[in-house]
Structures are given as C-alpha cells and as structure tokens.
Amino acid sequence: MLNIDKYKVKVEDLKSKQSLKDIVFNTTEDIVPIRDIIGQDRAAQAIEFGLEMKQKGYNIYVAGVSGTGRTRYTHTLIKKHAKMRGNLKDWLYVNNFKNPNEPTALCFKAGEGKVFKKDIDDIIEKLKYEIPKIFNSKEYEYHNRLLMTELEENIQKIIDELNEFAKPKGFKFQVTERGLMSVPMKEDGTLMQEEELGKLTAIEVRKLREDGLKLNQESKDYIDKIKACEDVYKNKNSDLDRNVGRSLVGFYGQYLLNKYGKNEKTQKYINDLCNDIVNNISKFKTENEENQQSPMALLGIMSPKSEEKFFNRYKVNLFIDNGECDDCKIIIENNPTYYNLTGSIDYKNEIGALTTSFMEIKPGSLHKANGGYLIINVKDLLSNPFSWDCLKRSLKTEKIAIESLNKQYGYLVTSTLKPEPIDLDIKVILVGDSYYYSILYAYEEDFRNLFKIMADFDIEIDKNKENIYKTVQLIANKCNEDNLKHFDKLAVEKLIEYSTRMSDNKDKLTARFNKIVDIIYEADAVSQGDNIYITAEDVQKAIDQKIYRSNKYEEKLNEMFRDGTLLIDIDGEKVGQINGLAVMGTGEYSFGKPSKITASTYKGRRGVINIEREIKQSGSIHDKGVLILSGYLGARYGKEKPLSITTSITFEQNYNGVDGDSASSTELYAIISSIADIPIKQSIAVTGSVSQKGEIQPIGGINQKIEGFFDVCKIRGFTGNQGVMMPIQNIKNLLLKDEIVEAVKEGKFNIYAISNIEEGLEILTGKNISEIDKIVNETLEKYRKLDKDDEDDGNKKREYTRDEEHKKDDKKDINIK
C-alpha cells in the first residue's frame, strides 16, 4: 500500500499567522496616524521622476486597479514632492477694440490681475463723472460758442448769396422750424403773406409751386454748401471734444502705462483703450441726457443694464485669478467634458437671439490648473466626445483655445467669439488601468509622445514590518478622520489577516485599501454600543455579514447538493469519474464549487473530444488545456505507435460554459482512469493545470475551491477520507478558514499538494505510475489490435470490390468484341 500521507500539507501551512508582537500598542488610539503611500515604491518613484521632468511630453499615466488609492496617493505625492511653481499667472480677457470678435488675452503676475481690473473699473467710473464736468466748464463753452458763431456767420453768408440768386425769380429763403424754406415775394419786394396766398387763383398757385420747385432744384449747390458748413462745424466740435477729453484720458492712460506698461500687449491695450474713450467721448459727455430723452427711456423699455451696455466694452474679465494661491495648483477634473476642459463661452437671449461678449468667457480645468497639475480619470476622459482630442491638441501646441461646438452641432447664434489662445504650462496626470494604457499606447501615437511616464500601482504589497505598521497607521487615521471607535490589537490582527486573504498570498497584503476601509466602517457599525473599542469578533462579524449579503447563489447551489439535484459522489471509487473544482462569482464575491467530470473511452482515432468545445460552450483557454492533454498522452503512450482511441470528456450538469485550464490535470486523471479502467477515489477533489510534460502548475482561487468542496463534504457528512489535491506551488496561497484548519487537525479533512501527474495518480488510485503505465499500454494495445483488424477487414472489402469491378469490365469487353 502506497504512503500518500507524505503529500499532505502541514497544518501550520494552511493559514498565515498574524502576529503584531513587534508593534507595541494596545489599541489604534496609541498609534500615530499618517496619510502616506503604502508599499508602492515603484509607482512613487515614477511619479516623482515625472514631476521633476520639465521637458515637453513628460506627462504621467498612473495605472492601477480601482481601490488601490492611486488618485489620492498621486495627489498626496504631488503635494509632497512638487515645489511651488513660480510661473503661476493671472489671465484676463479684454475687449479687442479693432476686432471685437477676437478678445485679447492679457497675462499678469499672480495677484496683479485683480489690481489691474480694479484700476480700469475705477478709471472708467471717474471718467464718467469728470468728463461731463469738463464739458460744462466756461472755457469749453467759450470755445464751443466761437465755433457756433462761425457756423452761423457762414450759413448766413450762404443764405444771403442764395437770396440774391432767388430774388429775380420772385422768392426769398428763410430759416424756419422746418428748416430752410423758400417764400414767394410781391412786386415791391416784401414777402407774400398767407392771406395773400389764399387769394391767388389756382393757376397762379400752380405757377408758384412750379417756380418754387424749379428754384429748389437750382439752389441745390447752396444747400450743399450749408450742409458742408455744418459738417465742418461737427468735425471741429468733435476735435474740440477730443482735445478736451484727451488731456484727462491721457492723464489716466499715462498712470496705467507707468504701472503696467512693461508688457507689450498690455501697453497696446492701454493705448487702444484711451483712443477708444477719446473717439467715443460723446458717450461720456451726454450719456445721461441722451438716455433721458430717448423714446425707449420715455416708454420705460430701457433698463439700467441697457444704459451700461456701451460701457461693457471697457470692462475686464478676470479670467484666472491666482492671487490667493499659496501652494502648487492641483486640479482634479471629475467630469472632463470638452467645455469643462477648455472653457466655454456663455450666451444670452436678447430679443430671441443668442448673443455673447468677452465677459461671458468662462475658464476650464486646463486654465485653472495652468502652471500646476491636472488629474483626470482616463475612462471619464475617453467617455466624453472631443475631450481627448482637445487635451491632446492643447498639450501638443501648448496653447488653450476656447472654441464653441455650436457649429458642429448645427446650433445658430447671432454673434460668436474666437478668444485669443492662452499659453499652457501644465503637468497632466491621467489615472486609469493597464488596459486603457495598452490601448492608447498601441493605437494613439500622440499618447506615446505626450505621456512618457507610466506609474504602475500594484494590487498587492510586501507583507513586511514597515507595511504592516503603515496599515495599522491607516486604520488609526481612518478612526480619527471619521470619528470611529478605535480597534484593539486582536481586531487589527484580524484586519491584517483579511488583507492577506484579499491578496491570495501569505507574504503579501492587498493594496486595494478601499476593501480594508469598508471593513473598518462596517466593523464600527456592528460593534456593540457598550464596547469602547472594536474587537476581533466585531471585525469577523462584519466580514461574515459582508459575505452573507452576497452569497445567496452559493447557498442555493449547496441546497441542490444537499437534496441531490446536483449529482456528486464524495465517497467510494469510480472509473472515468472525478470531482473537479471551479470558482464562480457574483459581483465582488467569489466562491468555489465542485463539479463532476466524466470521461468515456472507446475504439476510434479522434483522440480527446472536448464535449463543451463541440457545443461551443468552451473558452479558448480551456480548449488549450484539453489539447495539452492530447500532447501529454501522445508523448507518454504514443511515441512508438499511434493512439487508436477516442475519449470524450465533459463537465456534468454544467450549462453555463467552461473556461480556464485549472481543471486540465483533473481531466487527465479521468481520461487515464477511463483508458486503463482504474477506479479513482471520489473523496478527493482535484484542481491544478498541467503541462505537456506532466508538471502540475499553480492556479488561482485555491482557497475558495477548497472551501467550496469542504462545504459540500460538511453537508453530506465527513468520512475522514475527504480532501482536496492541489498544486504544491499554491501552498503559499493557502489562507483557509479556521473551521477548515480545525477539521484538518482533527483528521476530518485532508489537503494534498503535488508537483506532477505521477504523484496525483498515486493518491487517487493507490497505484504507482509503473503499474498504471503497464495497464494503459495493455489497453491501448488492445485498441490498436481492434483498429488493425478493422483496417484489415476494410482492405479486404476494398480488394473484393476492385476484383468485382475488373470482372464486370472483362464481360463488357467480350460483349463489344
């Protein structure tokens, strides 16, 4: 009898021992909490290197699974290692007086933009108050009166010349309320009165009208001279107004130039501003009078906003104000739409039409983070149309252009703007997973050139003293931040155990700290009110309740094993039948389940038939595993002679499809049992993939698989022979429940670890490999002999058929002759 106890896993290897004896504390209240990155040295170094690089294209892609704290840690690392960048600036949009549809962008040192805006607003208000006072001065009235006198004299001179021209024709021109009018004259040279006009005959009136019309046409040159005099007066009056206003506007303009004129663009704007005020000095001079006398104002239609509309051209849009920014700018854009990134132009409805102005230009996150850092989730970025193209274009050109999508969507607006692009100096950090990184790197050339740094956050960290202590500090920090009960030492050990279980490795801790934080919150929620601290029982209760909320499907399956709906044998021996193990999942919860695998061998040459593949319910990895079985069988038993068999294999009562190769060794045992007609122990469930050389390879989900078979054995009743056979490499992944560890201690349950097929066959059959090989070869020889006999019978039939055909041909030849 073979000794299979040597393959049993030691009890101490079934679970990781969590000991915090090296950390002196009673509760997390004794621990100094910190907010620091835990165990992500590679990612931290990559981020730090990317932050130090100032050259173009060294933006950062942070890769990692959600829940590893990648965004928060990235933010923390930037604040910790990024120095205050001295290039923070204020940005303003002002009116472009020459082309109002293209507002001008002005740049100032941080804090100066607000001052500049206030200076402009104050000066405009002062001018609105002081300019009307200048135009009411005696000096201005004197010069204006001189111009008016000159105008009156010139007009009177022209009228006199016109009357000399009109006198022979019986008319004289007079200035009336309706303007310059021609009046008929009597023979004595006096003007004809209305009573006299009424006494004229119709013929005389007609003649006067015709003569008057003719005279008006002939006197057109004189009228034009009068209009020319009025134009000259207006021009001189405007020149006078400008000259009067220029002295005052020039004073304030010089003040602005002295204060802000070092920048060429700012200097140009100040000069354009002063010129525009001088050219529109009348708006300042007569604003109140014109508004009061206008028909719109009289009807009550004109509002204060309408009165100020003209002066909006002199306003300043303080677009980005960094005056109060004392630290490096870090912007996290949670909704990276096109407009949220590049900014937008708002529109107003005015009399049924959409209008806008430079004051309606709004900044995006690229503007807000300019001179600092912008963090974006790559999935959100790619989910929004135009956003990636917009970000890419901005980084390539180092400019932020605010452009409306109205035309692309077919919306009509009455006025549009094209603001001057703003210089971009920014470090962009994209946060996503490795899948998005691979896709972008493979198919987007610009991505490779713009994001040259990849910081990869691991899903697990080394389980060393430093990381364990930092995890304890994380627990303490959460308790302080959220005002939770503190954890005692045993509760912390239980959390460390849970973290190790989440990593599926005794020497690791999970880096998905959100899962740990969830248990912290839930343990606080289930903790009894009388307890001052959270205990290990509270933590275990929180874990159990978390599982209970998600394991309905698992319990349903166990009920089906209990009532016999799902067929499984966990005792005795059977030929060509074995219990495999699979992992199933519902959301974040996964569990193990045994599944009956059967194999049938019969005469033929088709080799191994995967029934799941034949009905297209097998995944590619499972198909590969089955093909590996054919390779192993051929290498071991078919080197000298072909395998003249057909073996079909299937997962019984499985209707959802199969994938993965973790059951390939299990299938191989069933096939060998079927070929050799050797029974297999049904009390042992098997997992592990196999190579073509017969090596057992590690698999995932080992704890769930063992626990799944254990639950079925518990339902059906323990015999002491039941257990699981697993790859020896998975011992480091064993983190089993206390219940299973106790069952192994008591001899109710067994766990075996093997490294090759030969060892597995010894455990399952009680025979060594030489005995099994002998039986298999004898069986295969029988199949070969049967196959050869069938081949000989077939050859004889073909030979007989050929002889009969020859005889028929000979008879045909004789008949022809």
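Residues numbered from 1 in each chain as written. Predicted model: local features only at pLDDT ≥ 70, side-chain atom pairs only at ≥ 80, totals over all residues. Heavy atoms only, no water.

## Quick look at the sheet that holds strand β21 (residues 589–603)
Here comes step 1: Strand order in this open sheet of seven strands is β22-β23-β21-β20-β25-β28-β29, and the pairing throughout is mixed. Looking at which strands have only one partner, the edges of the open sheet turn out to be β22 (607–610) and β29 (750–754). Each adjacent strand pair in this sheet contributes to an overall mean axis angle of 30 degrees, direction not counted.
Here comes step 2: Across three bridges, strand β25 (residues 684–686) lies against strand β28 (residues 723–727) in parallel orientation. Across the sheet, the residue bridging to Ala-685 is Val-724, located in β28.
Here comes step 3: Contacting β20 (577–586), β21, β22, β23 (645–651), β25, β28 and β29, helix α27 (residues 664–676) crosses the sheet at an angle of about 25 degrees to β21.
Here comes step 4: Against the sheet, helix α30 (residues 757–765) engages β20, β25, β28 and β29, with an angle of about 150 degrees to β29. (Pairing = 2+ DSSP bridges. Helix = DSSP H or I, 4+ residues; strand = E, 2+ residues; numbered from the N terminus. Axes fitted to C-alpha atoms, helices over the stretch in contact; angles between N-to-C directions. Contact = heavy atoms within 4.5 Å.)

## Details of the nonpolar core
Here comes step 1: Ranked by internal contacts, the top residues of the largest apolar core, which has 51 residues, are Phe-487 and Val-539.
Here comes step 2: If we skip the residues at most four places from it in the chain, Phe-487 touches Asn-26, Thr-27, Thr-28, Ile-475, Cys-479, Val-492, Leu-495, Ile-520, Ala-523, Ile-534 and Val-539.
Here comes step 3: Membership of the second largest hydrophobic core comes to 45 residues, among which are Tyr-140, Phe-171, Leu-240 and Phe-284. (Core = buried A, V, L, I, M, F, W, Y, C linked by side-chain atoms within 4.5 Å. Buried < 20%, exposed > 50% of the residue type's maximum accessible area, 1.4 Å probe, protein only.)

## A short note on a nonpolar patch on the surface
Here comes step 1: On the surface, Tyr-435, Ile-439 and Tyr-443 cluster together into a nonpolar patch covering about 400 Å² of accessible area.
Here comes step 2: Note that Tyr-435 resides in helix α18 (residues 434–443). (Patch = residues over 30% accessible without salt bridge, like charges linked within 9 Å, V, L, I, M, F, W, Y side chains within 5 Å. Areas by Shrake-Rupley, 256 points an atom, 1.4 Å probe, with all protein chains shown as cover. Salt bridge = Lys/Arg side-chain N within 4 Å of Asp/Glu carboxyl O.)

## Describing the packing of aromatic side chains
Here comes step 1: With the rule as written, the count across this model stands at 29 aromatic pairs.
Here comes step 2: Ring geometry for Tyr-61 and Phe-447: centres 5.8 Å apart, planes at 85 degrees, overall edge-to-face. Linking Tyr-61 in strand β1 (residues 60–63) with Phe-447 in helix α19 (residues 445–450), this pair joins segments that are 386 residues apart in sequence.
Here comes step 3: We classify Phe-447 as buried; its relative accessible area is 0%.
Here comes step 4: Here the aromatic rings of Tyr-338 and Tyr-339 are separated by 5.3 Å at their centres, their planes lie at 75 degrees, and the arrangement is edge-to-face.
Here comes step 5: Relative accessible area serves as the criterion here: at 30%, Tyr-339 is assigned to the partly exposed category.
Here comes step 6: Three or more aromatic residues joined by ring pairs make a cluster, and in this case those are Phe-97, Phe-108, Phe-116, Tyr-260, Tyr-269, Phe-284, Phe-310, Phe-311 and Tyr-314. (Phe/Tyr/Trp six-rings, centres within 6.5 Å; stacked < 30°, edge-to-face > 60°.)

## Examining the packing of helix α3 (residues 112–135) against helix α8 (residues 264–279)
Here comes step 1: Closest axis-to-axis distance for the α3/α8 pair is 13 Å, and the angle between their directions is 15 degrees. Judged by the inter-axis angle, α3 sits roughly parallel to α8. Pair α3 / α8 crosses with right-handed handedness. Contact residues: Phe-116, Ile-120, Ile-124 and Leu-127 in α3; Thr-266, Tyr-269, Leu-273 and Ile-277 in α8. (Parallel < 35°, antiparallel > 145°, perpendicular 65-115°, else oblique. Left-handed = near helix turned anticlockwise from the far one by under 90°.)

## Focus: the environment of Asn-87
Here comes step 1: Relative to the helices and strands, Asn-87 is located in the loop between α2 (70–81) and β2 (89–94).
Here comes step 2: Counting along the chain gives 285 residues from Asn-87 to Gly-372, while the straight-line C-alpha distance between them is 8.7 Å.
Here comes step 3: When neighbours within four sequence positions are excluded, Asn-87 is seen to be in contact with Gly-371 and Asp-425.

## Focus on the confidence of the model for the chain
Here comes step 1: With 90% of its residues at a pLDDT of 70 or more, the chain shows a mean pLDDT of 85.
Here comes step 2: Below a pLDDT of 50 lies the segment residues 287–304, which in the model reaches 16 contacts outside its immediate sequence neighbourhood of four places, other chains included. (pLDDT = per-residue confidence, 0-100.)

## Overview of the sheet that holds strand β3 (residues 104–109)
Here comes step 1: A sheet is described by the order of its strands in space; here three strands give the open sequence β3-β2-β6, paired in antiparallel fashion. Pairing within the sheet leaves two strands with one partner each, and these edge strands are β3 and β6 (316–320). Across this sheet, the average inter-strand angle for adjacent strands is 30 degrees, counted without regard to direction.
Here comes step 2: Contacting β2, β3 and β6, α8 crosses the sheet at an angle of about 125 degrees to β3.

## Considerations on the side chain of Thr-342
Here comes step 1: The residue Thr-342 is located in helix α13 (residues 338–342) in this model.
Here comes step 2: Of the residues examined, Thr-342 reaches a relative accessible area of 1% and is grouped as buried.
Here comes step 3: In contact with Thr-342, other than residues within four places in its own chain, are Gly-364, Leu-366, His-367, Cys-390, Ile-400, Ala-401 and Ile-402.

## With respect to the packing of helix α4 (residues 138–166) against helix α7 (residues 220–260)
Here comes step 1: For the pair α4 and α7, interaxial distance at closest approach is 10 Å and the crossing angle is 175 degrees. Relative to α7, the element α4 is oriented roughly antiparallel.
Here comes step 2: Grouping the amino acids of the contact of α4 with α7 by side-chain chemistry returns 15 nonpolar, four polar and six charged. (Nonpolar A, V, L, I, M, F, W, Y, C, P; charged D, E, K, R; others polar.)

## Side note on unusual backbone geometry
Glycine aside, a negative phi is what most residues show, and trans is what most peptide bonds show.
Here comes step 1: Its identity as a non-glycine residue notwithstanding, Asp-504 has a phi of 60 degrees, on the positive side.
Here comes step 2: Look at Asp-504 and you get partly exposed, because its relative accessible area is 25%.
Here comes step 3: If you check the backbone angles, Lys-616 has positive phi at about 60 degrees while not being a glycine.
Here comes step 4: Along the chain, Lys-616 turns up in the loop between α25 (611–614) and α26 (620–637).
Here comes step 5: Overall, Lys-616 belongs to the exposed group, its relative accessible area being 77%.

## Comments concerning the pattern of salt bridges
Here comes step 1: Counted according to the given criterion, the structure contains 36 salt bridges.
Here comes step 2: A salt bridge links Lys-15 to Glu-497; its shortest N-O distance comes to 3.4 Å. Placement of the pair is Lys-15 in the segment before α1 (41–52) and Glu-497 in helix α21 (residues 489–503), with a sequence separation of 482 residues.
Here comes step 3: Accessibility expressed as a relative area gives 18% for Lys-15, which makes it buried.
Here comes step 4: Between Lys-117 and Asp-121 there is a salt bridge whose closest N-O contact spans 3.7 Å.

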